[in-house]
Number of protein chains: 2
Amino acid sequence: MYKPATIKDIALALKLSPSTVSRALRDGYEISTETKKLVMDYAKQVNYKSNPIALSLKNRRSYSIGIVVPKLANSFFSQAIAGIESIAYERGYHTIITQTHDSSERELINVNHLAQRSVDGLLISMSAGTSDYTFLKTLHDDGLPIVFFDRIISEIETFKVTSDNFRGAYNATESLIKAERKKIALLSNAPQLSITNERLAGYMSALADHNIPFKPELIRNCVKGGNDYQEVEDAVKDLLALADKPDAIFISSDRISISCIRALKNLNFDPKEIAIAGFSNSDVVDLLQPSLSYVKQKSFEMGQVAVEMLLRLIESKYPITEFETRILDTELHLIK
Amino acid sequence: MYKPATIKDIALALKLSPSTVSRALRDGYEISTETKKLVMDYAKQVNYKSNPIALSLKNRRSYSIGIVVPKLANSFFSQAIAGIESIAYERGYHTIITQTHDSSERELINVNHLAQRSVDGLLISMSAGTSDYTFLKTLHDDGLPIVFFDRIISEIETFKVTSDNFRGAYNATESLIKAERKKIALLSNAPQLSITNERLAGYMSALADHNIPFKPELIRNCVKGGNDYQEVEDAVKDLLALADKPDAIFISSDRISISCIRALKNLNFDPKEIAIAGFSNSDVVDLLQPSLSYVKQKSFEMGQVAVEMLLRLIESKYPITEFETRILDTELHLIK
DNA sequence: GTTCAAATCGGCAACGATTGCATAAAAATT
DNA sequence: AATTTTTATGCAATCGTTGCCGATTTGAAC
């Protein structure tokens, strides 16, 4: 049975009271130098480490923050987490990472687990499956600091950070137009996500600005967000079977972009026939064949911004009522 | 300030004692039906959830397990984590994921944090940078259940699970030989890792079995394990500048495989001139150009096996002294 | 010699939940 | 009516730590 040394053990061994040991370890002014040395030496000897669980219980502060993302296998999120950690560690906080696999049940469980494990705050990017936010609203109303990133929601007023999805989608779509493409299809993500709608708006706006009529029949929603390859392949097959076949596809999500590339390869389509552009933060996107022009989000920076907002909330002495939503711009990488 | 409802709050509101409330909530046989209903209804009303921190403190059991991996952005590890979660959740355990970025300092901090947060056990795949295992040995000797997966060590006796790295490397190397390649270079990982040496042995054995002389000058160690692209590009450039230039490269690590592909592309090498085969669990490896024959590990299964071993350790009533090291076979995917 | 203050240290309580033991009240038995 | 049994509930300790108050000792000042 794993049982680390406690203050009581030290007190017993040294015939002191637990309070004295505690103060000696924290270098309290009321303890004599000899006692301090005695305690500290013995503590080192038995490898004493203060128990954060007991401290959490007493202080309701844990110096750890919870992270909830849909999928770690998604490069965007692992990059954002790296950004979060880079700041959090520096400021003395630990991170506890959980993933939901885009399931709202899992999300509910993970969030509650983190909240009850007394994390000091929560960084969350919403799952595609979630439409009921009351569990988050309850926690937030009870005073748990929460910051949303990337997949944000409007139902809760707090700090948020996301990408300029509108402009990213606009630019990518425009790049296809400038490459002489006229019939640009859209492979879209789950419709309840903020990013889905912003990207759709960017796509439509680019079409409008270039006097290309918007055709709803060129849009396919992949509600499983690329977690299900077959759904994407079916959508692609469907699009390419249209009488008025599209000559380009804009893909509004990372995982769907990958699946679309695979579908085009499996269906043996000529890359010249179909141009593709899409959102992707994959670190190998430049090595993929067929190749993809891609919109890259500033994932690492987004993680950093999010955690800085959260620490502001956590460490503020007075309740904060003025919130900000930061929008980070995106980078368009063209590939001929 | 975030402050969820406690048993005391309920007791006060209902004019009962905390003990009665506790027993009513756990459906104790000694509590009258009316009292139970009263308590349960009120608990639901104020959204009462038992505080796992308090329980951890009392029971020294948290029903959560700690996971320590080098890098989440590495597909192998995110797949293994998914495997771990698939079993852990089913058995009522939570997971706490941390990454070390292959830094042994970070590893030490994360492991200690998890141990003190009273996880019931630890699943760990070692960082490339670690050579001193005393911190783990101390925890293990103190009774903390630990299971190693993938990057295992021999210094601590416990359950372990890894891939058949020898055979994977052997088969991949042999496939290059069968494709008429005679001068096969090796891009290798950090030498203190178990997997590095096993894969090196497989490579050498395949050469020997086919009467190809082993040439040390064809081996390059990338000690940063592909975390540093430049290191890999330099190694590749160096190999291709040899007078007796290799006609194939076997790459013994996931991240290095990707970097090597990028290097070959950046250096504009003719794919026909250099055949490559390597370990990779990337989910887009089949879409990469130049293409790669790859050895895929059973990552998901490995996570499942590891967590099952850990739960055996955790839930065993008596100390376990007979340990097992499971070896999972690998899959070779050939690409012409 | 008396009073007071500083220097050290111990004891108690509390954080939230559980549980063995004791106790109270009500019901059943004699 | 007295006693036992059943039923329901409260008390106190526990986990590890720390804040607060009180106690003791020592020395100095008057």
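Scroll up a little and you will see the structure.
Throughout what follows, the structure given in this document is the object of discussion. (Residues numbered from 1 in each chain as written. Chains lettered and ligands numbered in written order. Predicted model: local features only at pLDDT ≥ 70, side-chain atom pairs only at ≥ 80, totals over all residues. Heavy atoms only, no water.)

### Here's the deal with the protein's contact with DNA strand C
Here is step 1: Neighbouring residues of DNA strand C: 28 residues in total, closest A:Thr20, A:Thr35, B:Ile7, B:Lys8 and B:Tyr48.
Here is step 2: Between a base oxygen of DNA strand C and a side-chain N or O atom of A:Ser19, the distance comes to 3.2 Å.
Here is step 3: Taken together, the elements giving at least two residues each to the surface near DNA strand C come down to α2 (18–25) and α4 (52–59) of chain A together with α1 (7–14), α2 (18–25) and α4 (52–59) of chain B.
Here is step 4: Here the surface near DNA strand C is built from residues that sort into 7 nonpolar, 10 polar and 11 charged. (Near = heavy atom within 4 Å. Polar contact = N/O pair within 3.5 Å; in protein donor to acceptor, adjacent residues only side chain to side chain. Helix = DSSP H or I, 4+ residues; strand = E, 2+ residues; numbered from the N terminus. Nonpolar A, V, L, I, M, F, W, Y, C, P; charged D, E, K, R; others polar.)

### Some words on the interface of chain A and chain B
Here is step 1: The interface of chain A with chain B comprises 54 residues on the first partner and 54 residues on the second.
Here is step 2: The junction of chain A with chain B conceals about 5100 Å² of combined surface from both sides, 57% of it contributed by carbon and sulfur atoms.
Here is step 3: Its largest share of buried area at the contact with chain B, chain A owes to A:Tyr2, A:Arg117 and A:Leu287, together 17% of the area lost on that side.
Here is step 4: Applying the counting rule to chain A against chain B returns 4 salt bridges.
Here is step 5: Between B:Arg255 and A:Asp283 there is a salt bridge; the shortest N-O distance is 3.4 Å.
Here is step 6: Along the contact surface separating chain A from chain B lie 16 residue pairs in polar contact (both at pLDDT 80 or more).
Here is step 7: At the level of secondary structure, the elements contributing two or more residues to the side of chain A that touches chain B comprise α4, α5 (75–90), β2 (94–99), α6 (104–116), α7 (134–141) and α11 (254–266) of chain A.
Here is step 8: Examining the composition of the side of chain A that touches chain B, we find that 7 residues originate from one element, α6(A), more than from any other.
Here is step 9: In terms of residue class, the side of chain A that touches chain B is built from 22 nonpolar, 20 polar and 12 charged. (Contact = heavy atoms within 4.5 Å. Buried area = accessible area lost by both parts, 1.4 Å probe. Salt bridge = Lys/Arg side-chain N within 4 Å of Asp/Glu carboxyl O.)

### Things to note about the nonpolar core
Here is step 1: Residues A:Ile65, A:Leu123, A:Phe149, B:Ile65, B:Leu123 and B:Phe149 are the most contacted members of the largest nonpolar core, which totals 56 residues.
Here is step 2: Those elements that place two or more of their residues in this core are β1 (64–69), α5, β4 (146–149) and α12 (299–315) of chain A together with β1 (64–69), α5 (75–90), β4 (146–149) and α12 (299–315) of chain B.
Here is step 3: Core analysis: the next-biggest nonpolar cluster, separate from the first, contains 50 residues, A:Leu218, A:Val236, A:Leu264 and B:Leu287 among them. (Core = buried A, V, L, I, M, F, W, Y, C linked by side-chain atoms within 4.5 Å. Buried < 20%, exposed > 50% of the residue type's maximum accessible area, 1.4 Å probe, protein only.)

### Points about the protein's contact with DNA strand D
Here is step 1: Around DNA strand D, the structure places 29 residues, and the nearest of them are A:Ile7, A:Ser22, A:Tyr48, B:Ser17 and B:Thr20.
Here is step 2: Taken together, the sugar and phosphate atoms account for 65% of what DNA strand D places within 4 Å of the protein.
Here is step 3: One of the side-chain N or O atoms of A:Ser22 is found 2.6 Å from a phosphate oxygen in DNA strand D.
Here is step 4: Between DNA strand D and A:Arg26 there is a distance of 2.9 Å, counted from a phosphate oxygen to a side-chain nitrogen or oxygen.
Here is step 5: Elements that contribute at least two residues to the surface near DNA strand D include exactly α1 (7–14), α2 and α4 of chain A together with α2 and α4 of chain B.
Here is step 6: Among the elements that line the surface near DNA strand D, the one with the most residues is α2(A), at 4 residues.

### Description of the packing of α1(A) against helix α3 (residues 33–45) of chain A
Residues and elements named next belong to chain A.
Here is step 1: At their nearest, the axes of α1 and α3 sit 11 Å apart, and the two run at 120 degrees to each other. One element, α1, and the other, α3, form an angle in the oblique class. Considering only the axes of α1 and α3, their crossing is right-handed. Residues Ile10, Ala13 and Leu14 of α1 pack against Leu38, Val39, Tyr42 and Ala43 of α3.
Here is step 2: Considering only residue class, the contact of α1 with α3 consists of 7 nonpolar, no polar and no charged. (Axes fitted to C-alpha atoms, helices over the stretch in contact; angles between N-to-C directions. Parallel < 35°, antiparallel > 145°, perpendicular 65-115°, else oblique. Left-handed = near helix turned anticlockwise from the far one by under 90°.)

### Some details on the relation of the copies chain A and chain B
Here is step 1: When chain A is fitted onto chain B, the two copies agree to an RMSD of 0.3 Å after a turn of 180 degrees and an axial shift of 0.2 Å. In the structure described here, the two chain copies are related by an operation that fits a two-fold rotation axis.
Here is step 2: In this assembly, 100% of the residues forming the interface of chain A have copies in chain B that are likewise at the interface, indicating an isologous arrangement. (Least-squares fit on C-alpha atoms with pLDDT ≥ 70 in both.)

### Let's talk about the sheet that holds strand β10 (residues 293–296) of chain A
Residues and elements named next belong to chain A.
Here is step 1: Taking strand neighbours across the sheet as the criterion, the 6 strands line up as β7-β6-β8-β9-β10-β12 in an open arrangement whose pairing is mixed. Every interior strand has two partners, whereas the edge strands, β7 (219–221) and β12 (331–333), have only one. This sheet shows a mean twist of 15 degrees between the axes of neighbouring strands, independent of strand direction.
Here is step 2: Of the strands in this sheet, β6 (184–188), β7, β8 (248–251) and β9 (275–279) are in contact with helix α9 (residues 194–209), which crosses β6 at around 175 degrees. (Pairing = 2+ DSSP bridges.)

### Side note on the pattern of salt bridges
Here is step 1: Evaluated as defined, the whole model comprises 29 salt bridges over all chains.
Here is step 2: For the salt bridge of B:Arg262 with A:Asp286, the shortest nitrogen-to-oxygen distance reads 2.6 Å. Of this pair, B:Arg262 sits in helix α11 (residues 254–266) while A:Asp286 sits in the loop between β9 and β10, which puts the two residues in different chains.
Here is step 3: By relative accessible area, which is 17% here, B:Arg262 ends up buried.
Here is step 4: For B:Lys298, the salt bridge goes to B:Asp329, with nearest N and O atoms at 2.7 Å.

### Looking at the packing of aromatic side chains
Here is step 1: Scanning the entire structure with this criterion turns up 14 aromatic pairs over all chains.
Here is step 2: Ring plane angle 15 degrees and centroid distance 6.4 Å describe the contact between B:Tyr203 and B:Phe250, whose orientation is recorded as stacked. Residue B:Tyr203 is found in helix α9 (residues 194–209), and its partner B:Phe250 is found in strand β8 (residues 248–251); the two are separated by 47 residues along the sequence.
Here is step 3: An aromatic cluster of at least three residues, connected via ring pairs, comprises A:Tyr203, A:Phe214, A:Phe250 and A:Phe279.
Here is step 4: One Lys or Arg, A:Arg106, reaches over the ring of B:Tyr89 and ends 3.1 Å from the middle of that ring. (Phe/Tyr/Trp six-rings, centres within 6.5 Å; stacked < 30°, edge-to-face > 60°. Lys NZ or Arg CZ within 6 Å of the ring centre and 35° of its normal.)

Purely geometric stuff here, so don't read any function into it on its own.
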